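Close look at the chain arrangement
Spelled out, the chains give:
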Amino acid sequence: SDDGRVTIGSTVKLEKEGKTTTYEIVGEVETAPAKGRLSFKSPLGSALMGRKAGDEVSITTPNGTVTYTLL
């Protein structure tokens, strides 16, 4: 969006444990995680909605809590 917040259609760059990954936030029918397309309703996608660069987002996975930083 114009204010830098994550919305559907945003491309986000995330850093986790020194590794950077880029995702596009999309609608449910466009989801393709292997191609970098995350649904806005997925655990990570929904946690990112409305956030902006510099924010940290933590989600709980079966392997524990994972924290991402928006770049």
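Scoring rules and cut-offs
- Residues numbered from 1 in each chain as written.
- Predicted model: local features only at pLDDT ≥ 70, side-chain atom pairs only at ≥ 80, totals over all residues.
- Heavy atoms only, no water.
- Core = buried A, V, L, I, M, F, W, Y, C linked by side-chain atoms within 4.5 Å.
- Buried < 20%, exposed > 50% of the residue type's maximum accessible area, 1.4 Å probe, protein only.
- Helix = DSSP H or I, 4+ residues; strand = E, 2+ residues; numbered from the N terminus.
- Pairing = 2+ DSSP bridges.
- Axes fitted to C-alpha atoms, helices over the stretch in contact; angles between N-to-C directions.
- Polar contact = N/O pair within 3.5 Å; in protein donor to acceptor, adjacent residues only side chain to side chain.
- Contact = heavy atoms within 4.5 Å.

**Some thoughts on the nonpolar core**
V12, L14, L44, L48 and I59 are the most contacted members of the largest nonpolar core, which totals 14 residues. Broken down by secondary-structure element, the contributors of at least two residues to this core are β1 (11-16), β2 (19-26), α1 (43-48), β4 (56-61) and β5 (64-70).

**Description of the sheet that holds β5**
With mixed pairing, the five strands of this open sheet are ordered in space as β3-β2-β1-β5-β4. Each having just a single partner strand, β3 (37-39) and β4 make up the two edges of the open sheet. Neighbour to neighbour, the strand axes of the sheet diverge by 40° on average, direction disregarded. Pairing of β4 with β5, which is carried by six bridges, proceeds in the antiparallel orientation. From the neighbouring strand, V57 faces β5, where its bridge partner is Y68.

**Observations regarding the side chain of S39**
Looking at the element boundaries, S39 is found in strand β3. Looking at S39, the relative accessible area reads 8%, which means it is buried. Within the local environment of S39, its side chain forms a polar contact with the backbone nitrogen of K41, the two atoms lying 2.9 Å apart. Discounting chain neighbours no more than four positions away, the residues touching S39 are V26, G27, E28, T31, G45 and S46.

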